[in-house]
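Tertiary structure, described
Listed below, chain by chain, are the residues.
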Amino acid sequence: MEFQHVTHVLFDMDGLILNTEDLYTVAFQNIVSQYGKEYTFDIKLKIMGRQSHESAQIVVSSLDLPISPEEFMEQCKEQYDLLFPESKLMPGAKRLIEHLHNNNVPIGLATSSNLENYELKVNKHHKELFTLFPYKTIGSSDPEVKRGKPHPDVFLVAASRFPDKPKPEQCLVFEDAPNGVKAARAAGMQVVLVPDPRIDKSKTVEATLVLKSLEDFKPEVFGLPPFDKYRRLIHYRISESSFALWQRIYVFPKM
């Protein structure tokens, strides 16, 4: 399959760069367990990629919790303070972000998180990596992002933050959730999906490309610099140096 070449890349964060989707599950289950409820994967699918207040409304309504969405969000904050600072990188995320940055590919972050949660997730262990994103759109705290995913707002706003204002078809999105795929496609962008393995394949068909891990991504299929560019150069230089050494020792020995 051939894909359209791109010049700019946008990344979702939760569940794609960081393992924070798993931490959201722990946090929500800790809260709803107090009311004898179970936070199911079906409910999780509904809220993945949505803004914070939208997610709270869906969880409270779906489980008929005896609290308001605002009270749910307050309880969430207590959980997030404990869980988010220990977030971990997903496989292949650091390698891909650094590779694109080192090859001068414009990259941006497009997350539905709010600023407070973003800082909890990033500042303790991942601040250096996230400084490689010169353009960040923190959806739930950004007044320009009116609606969460599956609406296209966060990706359109994120693309507009690049100084050269790329067209949607010039942007490639990385996502982990069907709602994010719908948002990217609605924005007119290609999207690589790295889904939770529990997601039914029927919910992934809108993605341009589906991968098991970011480790499997080959940038060159979208016209981006391949991973092995510098590896080949280093190998060539090592080989060249080795040959020169061999010549000095065996062919042109010192007199």
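You'll find the structure just up there.
Read on for an overview of the structure. Counting starts from 1 at the beginning of each chain's written sequence and moves along it residue by residue. The predicted nature of this model means local features are confined to residues of pLDDT at least 70 and side-chain atom pairs, given and counted, to a pLDDT of 80 or more, with totals for whole chains, interfaces and linings taken over all residues. Remark: hydrogens and water are excluded; side-chain values derive from all non-hydrogen atoms of the structure.

A look at the pattern of salt bridges
- What makes a salt bridge here is a side-chain nitrogen of Lys or Arg within 4 Å of a carboxyl oxygen of Asp or Glu, nothing more. All told, the structure shown has 13 salt bridges when counted by the stated rule.
- For Lys77, the salt bridge is made with Asp81, and the minimal N-O distance between the two is 3.5 Å. Here Lys77 and its partner Asp81 are both found in helix 4 (residues 69-83), four residues apart, which amounts to about one turn of the helix.
- Across the pair Lys124 and Glu86 runs a salt bridge, and its minimum N-O distance is 2.4 Å. Remark: Glu86 occurs in the loop between helix 4 and helix 5 (93-102) and Lys124 occurs in the loop between helix 6 (115-122) and helix 7 (127-130); sequence separation between them is 38 residues.
- Here the salt bridges do not stand alone but share partners, grouping Asp12, Lys149 and Glu175 into one network. Strands are runs of DSSP state E lasting at least two residues, helices are runs of H or I lasting at least four, and both sets are numbered from the N terminus onward.

A look at the nonpolar core
- In plain words, nonpolar cores are sets of buried Ala, Val, Leu, Ile, Met, Phe, Trp, Tyr and Cys residues tied together by side-chain atoms within 4.5 Å. For every residue, the accessible area (1.4 Å probe, protein chains only) is compared with the maximum for its type, and the residue is labelled buried under 20%, exposed over 50%, or partly exposed between those bounds. Among the nonpolar cores identified, the biggest contains 32 residues, and Phe11, Ile17, Leu109, Phe130, Phe174, Phe217 and Leu224 are the most heavily contacted of them.
- Elements supplying a minimum of two residues to this core: strand 1 (8-11), helix 5, strand 2 (107-111), helix 6, helix 7 and strand 4 (171-175).
- Of all the elements, helix 5 adds the most residues to this core, at four residues.
- Here, two residues are considered to be in contact whenever any of their heavy atoms come within 4.5 Å of each other. Those residues in contact with Leu109, other than ones at most four positions away along the chain, are Phe11, Asp12, Met13, Ile17, Tyr118, Phe130, Phe133, Tyr135, Lys136, Thr137, Ile138 and Ala158.

Quick notes on the pairing of strand 4
- Of all five residues in strand 4, five are buried; the element is thus mostly enclosed.
- Residues Cys171, Val173 and Glu175 point to one face of strand 4 and Leu172 and Phe174 to the other, with burial holding for every one of them.
- Whether two strands pair depends on DSSP finding at least two bridges between them. With four bridges connecting them, strand 1 and strand 4 associate as parallel partners. In the sheet register, His8 faces strand 4, and the bridge partner there is Cys171.
- Bridge count for strand 4 against strand 5 (residues 190-193) is four bridges, and the pairing is parallel. Paired with Leu172 across the two strands is Gln190, which belongs to strand 5.
- Once the chain exits strand 4 it traverses helix 9 (residues 178-186) before rejoining the sheet at strand 5, and the crossover so formed is right-handed. Every crossover in which the path from the first strand over the helix to the second runs clockwise, viewed with the strands pointing away from the viewer, is termed right-handed.

So yeah, pure geometry; function would need other evidence.
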